[in-house]
Amino acid sequence: MSNVIKAPTSATAGRAGTKKQLPDRFKAYKHVWVFVEQERGQVHPVSWELMGAGRKLADRLKVKLAAVVVGPEREATRNAALEAFCYGADLTYLVADNVLTDYRNESYTKALSDLVEIYKPEILLLGATTLGRDLAGSVATTILTGLTADCTDLDVDADGSLAATRPTFGGSLLCTIYTLNYRPQMATVRPRVMPMPERIERDPGRIIVHPLGLVEDDIVTKVLSFIPDRDSAKSNLAYADVVVAGGLGLGSQENFQLVRKLAGVLGAEYGCSRPLVQKGWVTSDRQIGQTGKTIRPKLYIAAGVSGAIQHRVGVDGADLIVAINTDKNAPIFDFAHIAIISDAMHLLPALTDAFRARLSSHSRDRIAS
């Protein structure tokens with residue numbers, strides 16, 4: 001007896017052909033959720049970016065988009081729940097308890113896991129921040145589902161499965177990952193990967209308040225005090241309107257000063273590619289790319305940056321990319337809007353002098369607009 005195997009007519013058909021039947025207990029899972037991250041009364045912008053992405057997924061699946069707000073019993077927590085409607089939420093789940101004043105894995109994991117077990121979302125999105133990464137991994141292992149981290153693209157397949165794309169093999173390839181037989185389908189996305197949606201004033205919708213069911217004595221970890229990172233405000237790469245960056249093509253750590261000088265004249269932030277951090281020329285908070293910061297500036301000037309895929313995924317959202325490189329075959333020229341084949345060591349000082357002569361201090365502040 002022989003077996004006849006028909007070739008799939010498409011990649012989707014091939015994957016669908018190997019898909020197991022979704023267990024009955026998961027068929028009740030519906031809707032798209034976004035975890036709204038807040039600390040010290042401030043909502044992280046990545047949460048609103050994910051609301052925009054979540055809205056598109058929910059519309060394609062013809063389901064609701066829900067925001068999940070977890071925090072202390074304070075006005076800022078309530079405001080975050082209300083603000084979610086202005087970024088497209090159809091409803092908000094709210095867990096407010098003073099035990100949640102400071103982020104602790106145990107309390108936040110319980111809050112979010114309990115919500116998932118009771119209300120059963122089909123898709124759950126979190127920001128790939130320090131907090132979000134810690135929480136997402138803990139929740140995924142608690143509820144026994146899959147998690148795709150640091151996604152660069154989110155879509156819905158023909159059969160309604162979440163298609164989460166992320167770089168792999170050190171950023172040399174992009175792969176799309178599916179969580180076919182578990183629910184919810186979880187993914188984290190780094191800040192600035194998704195565009196910020198327009199805020200539209202809307203009347204508040206339905207808010208579902210859920211109790212935490214946890215008291216302070218139940219939590220092993222205690223927060224004794226909060227000491228802000230004194231360097232946290234020094235680098236604002238992710239949300240800068242103008243960024244100047246340097247790569248290995250600059251040749252030496254001393255030459256990187258040319259990047260910093262141009263950035264200073266433009267009122268811009270400065271950054272670098274991964275090899276410069278590996279060499280110790282620049283601190284890691286200035287790294288741009290898959291393993292560094294994702295940026296969406298109005299203007300990005302890259303000098304001596306080759307443009308490998310791990311760097312590209314960090315700058316693809318820039319409105320205008322100006323690349324300077326002596327190698328006419330550098331990968332960055334494949335996606336740059338303006339390609340300049342020149343020695344950055346000569347061109348950067350010339351640009352710095354030209355901008356310094358033409359720009360007043362007031363116009364430097366407005367150059368991005």
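None of these values were measured; they are calculated from a predicted model. (Residues numbered from 1 in each chain as written. Predicted model: local features only at pLDDT ≥ 70, side-chain atom pairs only at ≥ 80, totals over all residues. Heavy atoms only, no water.)

**Remarks on the overall build of the protein**
Along its length, the protein carries 10 helices and 17 strands. Taken over 369 residues, the protein has a buried fraction of 49%. Sequence-distant contacts in the protein: of pairs separated by 6 or more residues, those separated by 24 or more amount to 68%. Just so you have it, the protein exposes about 18300 Å², and 51% of that area is on carbon and sulfur atoms. (Helix = DSSP H or I, 4+ residues; strand = E, 2+ residues; numbered from the N terminus. Buried < 20%, exposed > 50% of the residue type's maximum accessible area, 1.4 Å probe, protein only. Contact = heavy atoms within 4.5 Å. Areas by Shrake-Rupley, 256 points an atom, 1.4 Å probe, with all protein chains shown as cover.)

**Considerations on the sheet that holds strand 7 (residues 147-151)**
Across a sheet, paired strands are connected by hydrogen bonds in the backbone, their directions being either parallel or antiparallel. With parallel pairing, seven strands are arranged side by side in an open sheet as 7-11-6-1-4-5-12. Every other strand in the sheet has two partners, leaving strand 7 and strand 12 (206-209) as the edge strands with one partner each. The average undirected angle you get between the axes of adjacent strands in this sheet is 25°. Across six bridges, strand 4 (residues 65-71) lies against strand 5 (residues 91-96) in parallel orientation. Residue pairing in the sheet places Val-68 in a bridge with Tyr-93 of strand 5. (Pairing = 2+ DSSP bridges. Axes fitted to C-alpha atoms, helices over the stretch in contact; angles between N-to-C directions.)

**Structural notes on the state of the cysteines**
Put plainly, a disulfide is one covalent bond tying together the sulfur atoms of two cysteines. Using the criterion set out here, one finds zero disulfides in the structure. A disulfide-free cysteine, Cys-175 has its sulfur positioned 9.0 Å from the sulfur of Cys-151, the nearest such atom. Cys-175 sits in the partly exposed class, given a relative accessible area of 24%. (Disulfide = S-S within 2.5 Å.)

**Some details on the sheet that holds strand 16 (residues 321-325)**
One open sheet accounts for five strands, arranged 14-13-15-16-17; its pairing is parallel. Taken across any chain shown, the strands that pair with only one partner, and hence form the sheet edges, are strand 14 (269-272) and strand 17 (338-341). When the angles between neighbouring strand axes are averaged without regard to direction, this sheet yields 15°. Bridge analysis of strand 16 against strand 17 gives four bridges, and the strand direction is parallel. Pairing of Ile-324 across the sheet is with Ile-340, part of strand 17.

**A look at helix 9 (residues 344-358)**
Between the first and last C-alpha of helix 9 there are 20 Å, a value that for 15 residues agrees with the 21 Å anticipated at 1.5 Å per step. Buried within helix 9 we find Ala-344, Leu-347, Leu-348 and Thr-352. Buried residues of helix 9, seen end-on, are gathered within an arc of 135° and therefore sit on one face of the element. Seen from the buried face of helix 9, the exposed residues on the opposite side, beyond 90 degrees, are His-346 and Ala-357. Elements in contact with the buried residues of helix 9: helix 6 (257-266), strand 15 (299-303), strand 16 and strand 17. (Expected span 1.5 Å × (residues − 1). Arc of directions from axis to C-beta.)

**With respect to the packing of aromatic side chains**
In the structure shown here, the tally under the stated rule is seven aromatic pairs. The interplanar angle of 55° and the centroid separation of 6.5 Å between the aromatic rings of Phe-26 and Tyr-182 together place this pair among those described as tilted. Of the two residues, Phe-26 is situated in the loop between helix 1 (11-18) and strand 1 (32-36) and Tyr-182 in the loop between strand 10 (173-177) and strand 11 (185-189); the sequence distance between them amounts to 156 residues. Among the residues examined, Phe-26 registers a relative accessible area of 8% and is labelled buried. (Phe/Tyr/Trp six-rings, centres within 6.5 Å; stacked < 30°, edge-to-face > 60°.)

**Observations regarding the environment of Ser-306**
Counting through the fold element by element, Ser-306 comes out in the loop between strand 15 and helix 8 (309-315). Residues Ser-306 and Ser-273, spaced 33 residues apart in sequence, show a C-alpha to C-alpha distance of 8.8 Å. Aside from chain neighbours lying at most four places away, what touches Ser-306 is Asn-325, Ala-330, Pro-331 and Ile-332.

**Quick word on the confidence of the model for the protein**
For the protein, the mean per-residue pLDDT works out to 89, and 89% of the residues sit at or above 70. Note that residues 1-14 has pLDDT below 50 and, in this model, four contacts with residues that lie over four places away or in other chains. (pLDDT = per-residue confidence, 0-100.)

**Overview of helix 5 (residues 130-143)**
Spanning 14 residues, helix 5 covers 21 Å between terminal C-alpha atoms, matching the ideal 20 Å at 1.5 Å per step. All of the buried residues along helix 5 are Leu-131, Gly-132, Leu-135, Ala-136, Ser-138, Val-139, Ala-140 and Ile-143. Following helix 5 by one or two positions, Leu-144 has its phi on the positive side, about 60°.

**Details of the side chain of His-311**
As for its position among the elements, His-311 is in helix 8. We classify His-311 as buried; its relative accessible area is 4%. When neighbours within four sequence positions are excluded, His-311 is seen to be in contact with Cys-272, Ser-273, Ile-288, Gly-289, Tyr-300 and Val-305.

**Some thoughts on the pattern of salt bridges**
For the coordinates displayed, the defined rule picks out 13 salt bridges. Between Glu-83 and Arg-199 there is a salt bridge whose closest N-O contact spans 2.5 Å. With Glu-83 in helix 3 (residues 75-83) and Arg-199 in the loop between strand 11 and strand 12, the pair connects residues that are 116 residues apart, well separated along the chain. A salt bridge links Arg-104 to Glu-216; the nearest nitrogen and oxygen atoms lie 2.8 Å apart. In this pair, Arg-104 sits in the loop between strand 5 and helix 4 (105-119) while Glu-216 sits in the loop between strand 12 and strand 13 (242-246), placing the two residues 112 residues apart along the sequence. The class of Arg-104 is buried, set by a relative accessible area of 7%. The exposure class assigned to Glu-216 is partly exposed, which follows from its relative accessible area of 32%. (Salt bridge = Lys/Arg side-chain N within 4 Å of Asp/Glu carboxyl O.)

**Structural notes on the packing of helix 6 against helix 9**
With their axes 9 Å apart at the nearest point, helix 6 and helix 9 run at an angle of 20° to one another. The pairing of helix 6 with helix 9 is recorded here as roughly parallel in orientation. In the packing of helix 6 onto helix 9, the handedness of the crossing is left-handed. Here Leu-258, Val-259, Lys-261, Leu-262, Val-265 and Leu-266 of helix 6 come into contact with helix 9, specifically with Met-345, Leu-348, Pro-349, Leu-351, Thr-352, Phe-355 and Arg-356. (Parallel < 35°, antiparallel > 145°, perpendicular 65-115°, else oblique. Left-handed = near helix turned anticlockwise from the far one by under 90°.)

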